[in-house]
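Survey of secondary and tertiary structure
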2 protein chains.
Amino acid sequence: MNKSFDVLSTLKKSSLFQNAPQNILTELAELATVLKFDKNQEIFGEGEKALGFFLVLDGMVKIYKLSPKGKEQIIHILGPGDVFAEIVLGGAETYPVYAQTLSKVKLAFFEKQKFLNLVQRKPEIALNLLALFAGKLKTLVKQIENLTLKGAGERLLSYLWDLSKEGKQSIFTLNISKSQIALLLGITPETLSRLIQKFKDEEILEIKGKKVKLINPEKIKNFISS
Amino acid sequence: MNKSFDVLSTLKKSSLFQNAPQNILTELAELATVLKFDKNQEIFGEGEKALGFFLVLDGMVKIYKLSPKGKEQIIHILGPGDVFAEIVLGGAETYPVYAQTLSKVKLAFFEKQKFLNLVQRKPEIALNLLALFAGKLKTLVKQIENLTLKGAGERLLSYLWDLSKEGKQSIFTLNISKSQIALLLGITPETLSRLIQKFKDEEILEIKGKKVKLINPEKIKNFISS
DNA sequence: TTAAAAATTTGATTTAAATCAAGGAAAAAT
DNA sequence: ATTTTTCCTTGATTTAAATCAAATTTTTAA
């Protein structure tokens, strides 16, 4: 069947299940429901009843918080192979954040109880889950570090540095719009625009549309860790 | 033996183990090493080899990040019953943060592999672990929300509101110094001082030393959720 | 108890980034 | 292909909070 194949191939690539044996992967694929979304659709809202968690099969998703005044802070940007809303497995009754698509998206949905039953029968998955949670914890702590201990410029360079795989890939393409990057970095689009201009003037990097070129990776490396 | 008794009573109170059966609690207590620290001692530093995790038996501990310039952001403040560095159970090789005591402290240390062996033998603990991780994730997301979507004043009131148990306890005592609160809220001591003065003038609260009195809980509630 | 050190408060000034405003470029829809 | 809408850029101004500086209070230690 086409569905199982689709899900299976992404399951294997996902960090959560990549080392799982074939029989478990097949069970997981059977267990999953495939969901399709258009661009800019809400997947779930904060406070909504949490029924299960998701694996991104295709497209980009953002996880974010809204202030009462409508200001948005992106917590995570997710792509193929990434898992989100896994917090339900820790007993959360409602989603504590918003989730929205940034493109056409295909998701695998895992109903909480069904998945936990599988974990009970195959406890070795629990270790994968712990690793997944630990990874998210580390990401969030890094996010706090970036937002509180770094200035806007440093945050931007740090973000681009990560996208370039620590400078190994000095030319690459942004996978989300600049306004979304601003929301992730906790700055306004205006500030982002000005920073890009400044770094261009300083001949540190070049950005044309979504194409990025790091001209002086050494300078960037120094700047983000000093 | 005195040691086992000490550890056991706190284990029962901790959210991680509170619902565990007696036999597991006893095993856990046997497995733990009790460590004692003076005030302002480093427990571990960022990048240090992660050998296990900790349960606070007595005293206060802070988990924090440092910028290259020495600026500090507190991630968590922990007291009796709280667990920290649990990230090692997800496979982390090094601690990603600093941990330091804020008072005389007694800790139970659980060596990673010993603990994981116990989890293997008693997989029901894994669910507790997932809940622990999920709780931390939620706390960190809330921290990001506070730091990015709220102003300094709102963050302070939000913090005090939580200490007052959502206003149920309008008189209470701060368990850490004001300068540490400032580091947690991501502001300077000067700003904290001025905010307290302002809220006094507005007759919203009174703070004398470590004694806090919320004069107008309704106003606070409104302020932090509007 | 008193001296020394540390933490807190208050004042003056600076600064990083937000906001407000408008024009230009790119993307999407017709 | 052209219009419409959304996104991005640039400029002028404001603002929240940081920094710098110094006095005062609290805590710790001799």
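Check the entry above for the structure.
What this report covers is the structure whose coordinates are included nearby. (Residues numbered from 1 in each chain as written. Chains lettered and ligands numbered in written order. Predicted model: local features only at pLDDT ≥ 70, side-chain atom pairs only at ≥ 80, totals over all residues. Heavy atoms only, no water.)

1. Topic: the protein's contact with DNA strand C
The environment of DNA strand C is made up of 16 residues, and the closest members are Ala 152 and Thr 191 of chain A together with Ser 179, Ser 193 and Arg 194 of chain B. Separating a base nitrogen of DNA strand C from a side-chain N or O atom of Glu 190 of chain A is a distance of 3.1 Å. For DNA strand C, a base oxygen lies 2.9 Å from a polar atom in the side chain of Arg 194 of chain A. Contributing elements (two or more residues each) for the surface near DNA strand C: helix H7 (189-201) of chain A together with helix H6 (178-185) and helix H7 (189-201) of chain B. (Near = heavy atom within 4 Å. Polar contact = N/O pair within 3.5 Å; in protein donor to acceptor, adjacent residues only side chain to side chain. Helix = DSSP H or I, 4+ residues; strand = E, 2+ residues; numbered from the N terminus.)

2. Some remarks on the interface of chain A and chain B
Between chain A and chain B, the contact holds 39 residues from the first and 39 residues from the second. The largest share of the area that chain A buries against chain B comes from Leu 130, Leu 137 and Leu 149 of chain A, three residues that together contribute 20% of it. The interface formed by chain A and chain B holds 2 salt bridges in total. Measuring nitrogen to oxygen at the nearest pair gives 3.3 Å for the salt bridge that ties Glu 145 of chain A to Lys 65 of chain B. At the surface where chain A touches chain B, the tally comes to 4 residue pairs in polar contact (both at pLDDT 80 or more). Looking at the side of chain A that touches chain B, the elements with two or more residues in it are strand S4 (61-66), strand S5 (72-78), helix H3 (112-121) and helix H4 (124-149) of chain A. In terms of residue class, the side of chain A that touches chain B is built from 22 nonpolar, 8 polar and 9 charged. (Contact = heavy atoms within 4.5 Å. Buried area = accessible area lost by both parts, 1.4 Å probe. Salt bridge = Lys/Arg side-chain N within 4 Å of Asp/Glu carboxyl O. Nonpolar A, V, L, I, M, F, W, Y, C, P; charged D, E, K, R; others polar.)

3. Here's the deal with the packing of helix H5 (residues 152-163) of chain A against H7 of chain A
Residue and element names in this part refer to chain A. Where H5 contacts H7, the two axes come as close as 10 Å, and the packing angle between them is 75°. Between H5 and H7, the angle is such that the two are roughly perpendicular. Side by side, H5 and H7 meet where Ala 152, Gly 153, Leu 156 and Leu 157 of the first sit next to Thr 191, Leu 192, Leu 195, Ile 196 and Phe 199 of the second. By residue class, the composition of the contact of H5 with H7 is 7 nonpolar, 2 polar and no charged. (Axes fitted to C-alpha atoms, helices over the stretch in contact; angles between N-to-C directions. Parallel < 35°, antiparallel > 145°, perpendicular 65-115°, else oblique.)

4. Looking at the pattern of salt bridges
Inspection of every chain in the model, using the stated rule, returns 12 salt bridges over all chains. Ionic contacts of the salt-bridge type, sharing partners, join the residues Glu 46 and Lys 65 of chain A together with Glu 145 of chain B into one network.

5. Examining the protein's contact with DNA strand D
Near DNA strand D you find 16 residues, and of these Ser 179, Ser 193 and Arg 194 of chain A together with Ala 152 and Thr 191 of chain B are the closest. The sugar-phosphate backbone supplies 63% of the atoms of DNA strand D found within 4 Å of the protein. A distance of 3.0 Å is found between a phosphate oxygen of DNA strand D and a backbone nitrogen or oxygen belonging to Lys 178 of chain A. Arg 194 of chain B places a polar side-chain atom, nitrogen or oxygen, 2.9 Å from a base oxygen of DNA strand D. Listing elements by their share of the surface near DNA strand D, those giving two or more residues are helix H6 (178-185) and H7 of chain A together with H7 of chain B.

6. Considering a positive patch on the surface
A contiguous patch of positive charge on the surface is contributed by Lys 39, Lys 178, Lys 200, Lys 208 and Lys 210 of chain A. With respect to the helices and strands, the residue Lys 210 of chain A is situated in the loop between strand S10 (205-208) and strand S11 (211-214). (Patch = residues over 30% accessible without salt bridge, like charges linked within 9 Å, V, L, I, M, F, W, Y side chains within 5 Å. Areas by Shrake-Rupley, 256 points an atom, 1.4 Å probe, with all protein chains shown as cover. Lys, Arg positive; Asp, Glu negative; His and termini not counted. Charge placed at Lys NZ, Arg CZ, Asp CG, Glu CD.)

7. Section: the packing of helix H3 (residues 112-121) of chain B against helix H4 (residues 124-149) of chain B
Helix packing geometry: the angle between the two helix axes and the distance between the axes. All names here are of chain B. Two numbers describe how H3 lies on H4: the axes approach to 6 Å, and their chain directions differ by 120°. Overall, the two elements H3 and H4 adopt an arrangement that is oblique. Contacts between H3 and H4 involve Phe 115, Leu 118 and Val 119 on the former and, on the latter, Ile 125, Ala 126 and Leu 129. Looking at the contact of H3 with H4 residue by residue, the class counts come to 6 nonpolar, no polar and no charged.

8. Describing the relation of the copies chain A and chain B
Once chain A has been moved 0.0 Å along the axis and rotated by 180°, it coincides with chain B to within an RMSD of 0.0 Å. Such a combination of turn and shift is consistent with a two-fold rotation axis. With an isologous cut-off of 70% or more, the 100% of interface residues of chain A that recur at the interface of chain B puts this contact in the isologous class. (Least-squares fit on C-alpha atoms with pLDDT ≥ 70 in both.)

9. So, the pairing of strand S3 (residues 52-58) of chain B
Residues and elements named next belong to chain B. S3 sits mainly inside the fold: 6 of its 7 residues count as buried. Bridge count for S3 against strand S8 (residues 105-111) is 6 bridges, and the pairing is antiparallel. Among the inter-strand pairings, Gly 52 is bridged to a residue of S8, identified as Glu 111. (Buried < 20%, exposed > 50% of the residue type's maximum accessible area, 1.4 Å probe, protein only. Pairing = 2+ DSSP bridges.)

10. Some details on unusual backbone geometry
For residues other than glycine, phi is negative in most cases, and the peptide bonds are mostly trans. With a phi angle near 60°, Asn 40 of chain A is a residue other than glycine that sits in the positive phi range. Following the sequence through the fold, Asn 40 of chain A ends up in the loop between strand S1 (33-37) and strand S2 (42-44).

11. Things to note about the sheet that holds strand S9 (residues 171-173) of chain B
All names here are of chain B. With respect to topology, 3 strands assemble into an open sheet ordered S9-S11-S10, the strand pairing being antiparallel. The open sheet has two edge strands, S9 and strand S10 (205-208), and neither has a second partner. Between one strand and the next, the sheet's axes are offset by a mean angle of 15°, whatever the strand orientation. Bridging between S9 and strand S11 (residues 211-214) involves 3 bridges; their strand directions are antiparallel. Each bridged residue has a counterpart across the sheet, and for Phe 172 the counterpart in S11 is Val 212.

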